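Letter by letter, the chains look like this.
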Amino acid sequence: MSLDLKDNTLLKTHALIDGQWVKSSDQTTFEVLNPSDGKIIANVYSSGTLETSNAINSAELALKSWRKLTAKQRSSLLMKWYDLIAENIEDLTQILTAEQGKPLAEARGEIKYGANYIKWFAEEAKRIYGDTIPHTLPGTRILVTKQPIGVVACITPWNFPNAMLARKIAPALAAGNTVVCKPANETPLSALALGELAHRAGIPAGVINIVCGKTTEIGEELTSNPIVRKLTFTGSTAVGKKLTADSARTMKRTSMELGGNAPFIIFNDADVNDAIAGLMISKFRNAGQTCVCANRIFVQSGIYDQFVKAVKIAISKLKVGDGTEAGTQIGPLINERASKNVRALILDAHKKGADVLTAEESPTGNFIAPTLLLNTSDDMRVFKEEIFGPVAPIIKFETEEEVIRAANNTPVGLAAYFYARDIGLIWRVSEALDFGMVGVNTGTISDEMIPFGGMKESGQGREGSRYGLDDYLEMKSLTIGGIDK
Ligand SMILES: NC(=O)C1=CN([C@@H]2O[C@H](COP(=O)(O)OP(=O)(O)OC[C@H]3O[C@@H](n4cnc5c(N)ncnc54)[C@H](O)[C@@H]3O)[C@@H](O)[C@H]2O)C=CC1
Ligand SMILES: O=C(O)[C@H](O)CS(=O)(=O)O
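None of these values were measured; they are calculated from a predicted model. Within any chain, residue numbers begin from 1 and follow the written order of that chain's sequence. Lettering for chains starts from A, numbering for ligands starts from 1, and both go in the order in which the items are written. Per-residue local features of the predicted model are confined to residues with pLDDT of at least 70, and side-chain atom pairs are confined, for both listing and counting, to 80 or more; whole-chain, interface and lining totals are unaffected and use all residues. Here the side-chain values reflect all heavy atoms present in the structure, with hydrogen atoms and water set aside.

## Focus: the overall build of the protein chain
Step number 1: Numbering of helices and strands runs from the N terminus, with a helix taken as a DSSP run of H or I at least four residues long and a strand as a DSSP run of E at least two residues long. Along its length, the protein chain carries 14 helices and 22 strands.
Step number 2: Relative to a compact globule of 485 residues, whose C-alpha radius of gyration would be 23 Å, the protein chain shows 23 Å and is just as compact.
Step number 3: Over its C-alpha atoms, taken along the principal directions, the protein chain stretches across nearly 80 × 60 × 40 Å.
Step number 4: In this scheme, a residue with accessible area under 20% of its type's maximum is buried, one over 50% is exposed, and one in between is partly exposed, where area comes from a 1.4 Å probe on protein chains only. For the protein chain, the proportion of its 485 residues judged to be buried stands at 56%.
Step number 5: By definition in these notes, contact holds between two residues if any of their heavy atoms fall within 4.5 Å. Partitioning the contacts of the protein chain with sequence separation of at least 6, the portion at a separation of at least 24 is 73%.
Step number 6: For the protein chain, the accessible area works out to roughly 19700 Å², and carbon and sulfur atoms hold 54% of it.
Step number 7: Charge centroids of the protein chain, computed over 53 positive and 55 negative side chains, lie 5 Å from each other. This radius of gyration counts C-alpha atoms alone. The globule rule is 2.2 Å times how many residues there are, raised to the power 0.38. The protein chains shown are the only cover counted for residues, whose accessible areas, like all others here, come from Shrake-Rupley with a 1.4 Å probe. A positive count includes Lys and Arg, and a negative count includes Asp and Glu. His and the chain ends are not counted in either. All charge positions are set by atom: Lys at NZ, Arg at CZ, Asp at CG, Glu at CD.

## Side note on the sheet that holds strand E18 (residues 415–419)
Whenever strands of a sheet pair, they do so through backbone hydrogen bonds, lying parallel or antiparallel.
Step number 1: Strands pair, by our definition, only if DSSP identifies at least two bridges between them. The strand order E14-E15-E16-E13-E12-E18-E19 describes an open sheet built from seven strands, whose pairing is mixed. Each end of this open sheet is capped by a strand with a single partner; those strands are strand E14 (355–357) and strand E19 (437–440). When strand polarity is set aside, the average angle formed by the axes of neighbouring strands in this sheet is 20°.
Step number 2: One ladder, built from four bridges, connects E18 with E19; its direction is parallel. Paired with Ala-416 across the bridge in E19 is Val-438.
Step number 3: In the packing of helix H10 (residues 304–316) onto the sheet, contacts are made with strand E12 (262–266), strand E13 (294–300), E14, strand E15 (371–374) and strand E16 (391–397), and the angle to E15 comes to roughly 160°.
Step number 4: Between N-to-C directions, angles cover 0 to 180 degrees, with each direction set by a line fitted to C-alpha atoms, over the stretch in contact for helices. Together, E12, E13 and E16 form the strand contacts of helix H13 (residues 400–408), whose direction differs from that of E13 by roughly 170°.

## Description of the pairing of E19
Step number 1: With burial as the criterion, only one face of E19 is covered, namely that bearing Met-437 and Gly-439; the residues Val-438 and Val-440 on the opposite face remain uncovered.
Step number 2: Orienting the strands away from the viewer, one traces the path from the first strand over the helix to the second; a clockwise path indicates a right-handed crossover. Crossover handedness for the path E18 to helix H14 (residues 423–432) to E19: right-handed.

## With respect to the site of ligand 2
Step number 1: Consider each residue's heavy atoms; a residue with any of them within 4 Å of a molecule or strand counts as near. Around ligand 2 lies a shell of 13 residues, among which Tyr-113, Asn-159, Arg-285, Cys-291 and Ser-446 are the nearest.
Step number 2: Between ligand 2 and Asn-159 there is a distance of 3.0 Å, counted from an oxygen atom to a side-chain nitrogen or oxygen.
Step number 3: Here a polar contact is recorded for every N or O atom pair within 3.5 Å, except that within protein the pair must consist of a potential hydrogen donor and a potential acceptor, and residues adjacent in sequence are included only if both atoms are side-chain atoms. The separation between an oxygen atom of ligand 2 and a polar side-chain atom of Arg-167 is 3.0 Å.
Step number 4: Protein chains bury 99% of the 290 Å² of accessible surface belonging to ligand 2 in isolation.
Step number 5: Three classes are used, and their members are as follows: Ala, Val, Leu, Ile, Met, Phe, Trp, Tyr, Cys and Pro are nonpolar, Asp, Glu, Lys and Arg are charged, and the others, Gly among them, are polar. Taken together, the residues of the shell around ligand 2 break down into six nonpolar, four polar and three charged.

## Notes on the UniProt feature "domain: Aldehyde dehydrogenase" (unreviewed entry) in the protein chain
Step number 1: UniProt positions are given in the numbering used here, feature names are shortened, and annotations may be inferred rather than shown by experiment. UniProt annotation of "domain: Aldehyde dehydrogenase" (unreviewed entry) refers to residues 21–477 when read in the numbering used here.
Step number 2: When the span residues 21–477 is considered, its composition is 39% helix and 21% strand, and the gap between its end C-alpha atoms is 40 Å.

## As for a positive patch on the surface
Step number 1: Taken together, the side chains of Lys-64, Arg-67, Lys-68 and Lys-476 make up a positively charged region of the molecular surface.
Step number 2: For Arg-67, the location among the structural elements is in the loop between helix H1 (49–66) and helix H2 (71–87).
Step number 3: Of the residues examined, Arg-67 reaches a relative accessible area of 35% and is grouped as partly exposed. What makes a patch is a set of residues exposed beyond 30% relative accessible area and free of salt bridges, joined within 9 Å when like-charged and within 5 Å when nonpolar (Val, Leu, Ile, Met, Phe, Trp, Tyr). By definition here, a salt bridge exists when the distance from a side-chain nitrogen of Lys or Arg to a carboxyl oxygen of Asp or Glu is within 4 Å.

## Remarks on a nonpolar patch on the surface
Step number 1: On the surface, Leu-478, Ile-480 and Ile-483 cluster together into a nonpolar patch covering about 210 Å² of accessible area.
Step number 2: You can see Ile-483 is positioned in the segment after strand E22 (473–480).
Step number 3: Residue classification places Ile-483 among the partly exposed positions, given a relative accessible area of 36%.

## A few points about the UniProt feature "active site" (unreviewed entry) in the protein chain
Step number 1: In this numbering, the UniProt entry assigns the feature "active site" (unreviewed entry) to Glu-257.
Step number 2: You can call Glu-257 buried: its relative accessible area is 3%.
Step number 3: If near-sequence neighbours (up to four positions away) are discounted, Glu-257 is found in contact with Arg-167, Phe-233, Thr-234, Gly-235, Cys-291, Leu-414, Phe-452, Ser-458 and Glu-463.

## Regarding the environment of Lys-252
Step number 1: Along the chain, the position of Lys-252 falls in the loop between helix H8 (237–247) and strand E11 (253–257).
Step number 2: Given the relative accessible area of 6%, Lys-252 is considered buried.
Step number 3: Sequence separation of Lys-252 and Met-79 is 173 residues, and the distance between their C-alpha atoms is 29 Å.
Step number 4: From its side chain, Lys-252 meets the backbone oxygen of Val-228 in a polar contact 3.1 Å long.

## Observations regarding the sheet that holds strand E6 (residues 141–148)
Step number 1: Read from one edge of the open sheet, three strands run E5-E6-E22, paired in antiparallel fashion. What marks the edges here is a single partner per strand, and that holds for strand E5 (131–133) and E22. Going from strand to strand, the sheet's axes swing by 25° on average, the running direction of each strand aside.

## Comments concerning the packing of H2 against helix H6 (residues 189–200)
Step number 1: It is at 8 Å that the axes of H2 and H6 come closest, and there the two elements cross at 125°. Overall, the two elements H2 and H6 adopt an arrangement that is oblique. Classified by chirality, the crossing of H6 by H2 is right-handed. Counting all contacts with H2, which are made through Trp-81, Leu-84 and Ile-85, the residues of H6 involved are Leu-194, Leu-197, Ala-198 and Arg-200. Under this scheme an angle from 65 to 115 degrees is roughly perpendicular, one under 35 degrees roughly parallel, and one over 145 degrees roughly antiparallel; angles in between are oblique. By the definition used in this description, the sense in which the near helix is turned from the far one sets the handedness, with an anticlockwise turn below a right angle giving left-handed and a clockwise turn giving right-handed.

## Some words on the pattern of salt bridges
Step number 1: Applying the stated criterion across every chain yields a total of 18 salt bridges.
Step number 2: Linking Glu-90 and Arg-108 is a salt bridge whose minimum nitrogen-to-oxygen distance equals 3.0 Å. Taken together, the residues span a long stretch of sequence, with Glu-90 in helix H3 (residues 89–100) and Arg-108 in helix H4 (residues 104–124) at a distance of 18 residues.
Step number 3: Note that Arg-249 and Glu-220 form a salt bridge whose closest N and O atoms lie 3.1 Å from each other. Of this pair, Arg-249 sits in the loop between H8 and E11 while Glu-220 sits in helix H7 (residues 215–224), placing them 29 residues apart in sequence.
Step number 4: Among the ionic contacts, a cluster of salt bridges with common partners joins Asp-7, Lys-12, Glu-196 and Arg-200.

See below:
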């Protein structure tokens with residue numbers, strides 16, 4: 001399948017190592033498929049241990065000069081990259097929808113979202129401040145300075161293949177680090193196109209390296225090679241735990257943005273129309289394939305019937321289809337494994353007594369119709385697992401205490417949402433929810449200015465915001481004597 005791009009040179013199939021596009025040493029490739037129709041978009045060279053080691057060495061070499069640039073010099077190179085992404089947004093959008101499946105409007109939004117992290121950290125690069133500390137011994141002076149960590153490994157998922165990579169590379173480079181990136185094999189083309197635009201922006205060879213293909217080999221090299229001093233990962237909790245353990249062998253710093261199981265709570269005094277609008281965004285964005293999607297929907301008994309009636313109407317209006325078709329709101333899931341898993345979750349709920357409300361004509365292939373589950377119970381898999389699909393399980397609750405207990409009854413703690421208007425209730429519930437990000441009367445909590453990350457088994461660290469650079473800096477104290485000589 002040929003993509004209809006203005007600039008076909010953005011479609012890269014090689015690894016980016018030391019500023020060169022290189023084939024894998026064994027010449028093997030893997031297929032990138034369009035999740036809508038299963039057609040091959042491209043064959044990408046499959047990197048392994050050797051390519052990853054070469055990429056790490058090139059990042060180490062480039063580090064020497066990259067970290068010596070002034071903050072303003074790094075900032076202006078990041079801004080040039082931002083400008084080139086904006087100039088090429090339509091091609092990046094086509095590439096993203098082709099390999100990930102999301103509707104073009106969502107793909108365009110993701111690219112703007114990712115670019116906004118680059119712009120944000122181009123600005124933050126100039127605000128990496130230190131401290132002075134009153135001296136503790138006569139004739140001394142004490143400073144606290146910040147310096148880059150060094151070579152950073154960035155591993156990203158398929159659900160936001162552009163934005164998740166931008167959200168890692170931008171702070172890493174702003175802080176003076178260099179990177180070796182491994183995108184998901186389902187969606188490498190968006191990452192490689194970002195690498196090409198960074199090269200065109202004048203970001204020097206070796207500062208950004210991108211390898212993909214032999215996942216286990218790449219992972220083993222990234223986690224074991226002592227030159228890599230930090231690993232940042234977005235993906236499943238299971239893989240995050242493995243990468244954290246493997247990185248401990250050389251005590252690498254890690255940032256983990258892992259799985260979620262978001263409660264979405266509607267109290268009796270909520271504005272039901274607002275709650276429905278927020279749920280449509282939080283639950284069905286990216287066909288439900290985000291780590292912050294509403295996963296368990298709790299509705300207080302006083303408005304349950306009104307809410308269910310309204311949500312049925314809202315869900316029935318959602319249009320399922322190929323991401324390139326006008327009006328599509330729900331694209332395909334990423335692959336057959338994902339769609340089979342979601343169908344299994346629906347079947348499990350049905351077997352355990354749920355009423356399954358979905359489109360009469362159930363779509364085939366990787367497409368899943370938006371599905372409402374009623375008469376549910378918390379023994380169903382949909383309450384314990386990250387659904388990662390357009391399925392909305394609803395459960396009724398009576399009291400504030402009961403729903404807080406149920407909402408927190410999960411080993412993860414990434415995002416939570418609730419709708420209410422009583423200010424006392426809003427403060428009590430906000431403080432009682434054990435989640436890193438809480439949306440109150442909104443289903444939108446993601447922005448480059450907001451710290452993104454979770455508690456418990458949803459990971460460690462924060463991405464974006466004024467806190468985002470901390471994860472990419474080392475703090476150093478300087479105690480200087482001989483001042484009175
Ligand atoms: N929290 C989040 O933002 C995300 C959560 N997920 C969860 O993960 C599940 C599976 O989706 P995947 O993309 O397969 O997530 P995953 O966690 O399996 O993969 C995410 C990234 O890690 C890489 N990876 C996997 N094993 C690795 C290893 N041993 N060494 C190095 N890299 C490795 C993958 O190639 C991909 O680039 C989803 O169904 C969802 O539950 C997936 C994507 C995003
Ligand atoms: O990994 C994800 O699902 C994204 O972080 C979600 S968001 O940043 O687009 O909200």
